[in-house]
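Each chain, written out:
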Amino acid sequence: MYMAHSMFRREIGLAPALVRGVASGDTERARTVADHLDLVDTVLRHHHQGEDVHLWPRLLTRGGPEAAAVVRVMEDQHEAIERANDEVRDRAATWRVTVDPADGAALGDALGRLSDLLADHLAIEEDQALPLIEKHITAAEWGRMVAEGGADVAPEHMALIFGMMAYEGDPDTVRDVVAGMPPEIRPAVADLAGQAFAQHAVGVYGTATPPRTGVRR
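One structure accompanies this document, and this report is about it. (Residues numbered from 1 in each chain as written. Predicted model: local features only at pLDDT ≥ 70, side-chain atom pairs only at ≥ 80, totals over all residues. Heavy atoms only, no water.)

### Description of the overall build of the protein chain
Turning to step 1, where the next piece is worked out: For the protein chain, the count of helices and strands is 8 helices and 0 strands.
Turning to step 2, where the next piece is worked out: Counted from the first residue to the last, the protein chain has its helices and strands arranged as α-α-α-α-α-α-α-α.
Turning to step 3, where the next piece is worked out: Computed over its C-alpha atoms, the radius of gyration of the protein chain comes to 18 Å, within 12% of the 17 Å expected for a compact globule of 217 residues.
Turning to step 4, where the next piece is worked out: Principal axes of the C-alpha set define a box for the protein chain whose edges measure 55 × 40 × 30 Å.
Turning to step 5, where the next piece is worked out: Out of the 217 residues in the protein chain, the part that is buried amounts to 44%.
Turning to step 6, where the next piece is worked out: For the protein chain, restricting intrachain contacts to residue pairs at least 6 apart in sequence, the fraction spanning at least 24 positions comes to 80%.
Turning to step 7, where the next piece is worked out: Carbon and sulfur atoms make up 55% of the accessible area of the protein chain, which amounts to about 10,900 Å² in all. (Helix = DSSP H or I, 4+ residues; strand = E, 2+ residues; numbered from the N terminus. Rg over C-alpha atoms; globule rule 2.2 N^0.38 Å. Buried < 20%, exposed > 50% of the residue type's maximum accessible area, 1.4 Å probe, protein only. Contact = heavy atoms within 4.5 Å. Areas by Shrake-Rupley, 256 points an atom, 1.4 Å probe, with all protein chains shown as cover.)

Laid out in structure tokens, this is it:
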């Protein structure tokens, strides 16, 4: 969970500057950035859907009034983030076509609002929801959520997404996560994740080592 959160903080936090840095009419660069935003959006959507389906209903059933109060906050924040994401998607679709600086500025502002909402949400989730999840959700239930979340991810994106999450991850945690993966994909993910993210980052950021901004301060 912390690896995923670090990835969202970094990639969405860096996104406004990425968009604003695209020159007017540079359609190739705009397509690269917009495709990156689409990928991050897809991962965030799956992440929140998994929580909505697998975590919050179980916490409501098992965690009593304390969990109910936290779940209400989580659900309200998910709805607010999704509304902000709707604006980002609409503005990104327009900017991808026009590559107009005014459209880029509007998209950058929308991404900034999304980043702020997400930062608040992730902090509260880590402080209040994760202790309840650790107490009331079994490892098997957690595993099913993770498996379902990755079920419709394109195979060619699997290593890249894990590389994005592992970039700022604790090495021991990364090894533990890889060890828990199905045997048939474990070697490929372990070998290719870092390489896939480095290649992707060069295209998006111009460097294989973009700023490590995802760790909560």
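Now that the structure has been shown, the text picks up again.
### Regarding the pattern of salt bridges
Any two side chains of opposite charge can pair if their charged atoms end up close together.
Turning to step 1, where the next piece is worked out: Counted according to the given criterion, the structure contains 15 salt bridges.
Turning to step 2, where the next piece is worked out: The salt bridge involving Glu11 is made with Arg10; its shortest N-O contact spans 2.9 Å. There is no split in this pair, since Glu11 and Arg10 are both buried.
Turning to step 3, where the next piece is worked out: In this structure, Glu87 engages Arg113 in a salt bridge whose closest nitrogen and oxygen atoms are separated by 2.8 Å. Remark: Arg113 occurs in helix 4 (residues 101-136) and Glu87 occurs in helix 3 (residues 64-98); sequence separation between them is 26 residues.
Turning to step 4, where the next piece is worked out: Accessibility expressed as a relative area gives 43% for Arg113, which makes it partly exposed.
Turning to step 5, where the next piece is worked out: Because the salt bridges share partners, they merge into one network encompassing Asp41, Arg45, Glu82, Asp86 and Arg89. (Salt bridge = Lys/Arg side-chain N within 4 Å of Asp/Glu carboxyl O.)

### Considering the nonpolar core
Turning to step 1, where the next piece is worked out: Counting 47 residues, the largest nonpolar core has Phe8, Trp95, Leu107 and Phe162 as its most contacted members.
Turning to step 2, where the next piece is worked out: Those elements giving two or more residues to this core turn out to be helix 1 (2-20), helix 2 (27-62), helix 3, helix 4, helix 6 (155-166), helix 7 (171-179) and helix 8 (186-205).
Turning to step 3, where the next piece is worked out: The greatest single-element share of this core, amounting to 9 residues, is contributed by helix 1.
Turning to step 4, where the next piece is worked out: With sequence-adjacent residues up to four places away left out, Leu107 is seen in contact with Val19, Leu37, Val88, Arg91, Ala92 and Trp95.
Turning to step 5, where the next piece is worked out: In terms of nonpolar packing, the next biggest core, distinct from the first, is built from 13 residues, Trp56, Val70, Leu132 and Ile137 among them. (Core = buried A, V, L, I, M, F, W, Y, C linked by side-chain atoms within 4.5 Å.)

### Considerations on a negative patch on the surface
Turning to step 1, where the next piece is worked out: Together, Asp52, Glu75, Asp76 and Glu79 line one region of the surface with negative charge.
Turning to step 2, where the next piece is worked out: By residue number, the principal contributor to the negative patch is helix 3, which donates 3 residues.
Turning to step 3, where the next piece is worked out: Tracing the backbone through its elements, the reader meets Asp76 in helix 3. (Patch = residues over 30% accessible without salt bridge, like charges linked within 9 Å, V, L, I, M, F, W, Y side chains within 5 Å. Lys, Arg positive; Asp, Glu negative; His and termini not counted. Charge placed at Lys NZ, Arg CZ, Asp CG, Glu CD.)

### Looking at the side chain of Arg10
Turning to step 1, where the next piece is worked out: Here Arg10 shows up in helix 1.
Turning to step 2, where the next piece is worked out: Judged by its relative accessible area of 0%, Arg10 falls in the buried class.
Turning to step 3, where the next piece is worked out: Not counting the four nearest positions on each side in its chain, Arg10 is found in contact with Met164, Tyr167, Glu168, Phe197, Pro211, Thr213 and Gly214.

### Quick word on the environment of Val215
Turning to step 1, where the next piece is worked out: With respect to the helices and strands, the residue Val215 is situated in the segment after helix 8.
Turning to step 2, where the next piece is worked out: A residue is classified by how much of its surface remains accessible, and Val215, at 38% relative accessible area, is partly exposed.
Turning to step 3, where the next piece is worked out: Sequence spacing of Val215 and Ser6 is 209 residues, and the spatial spacing of their C-alpha atoms is 5.4 Å.

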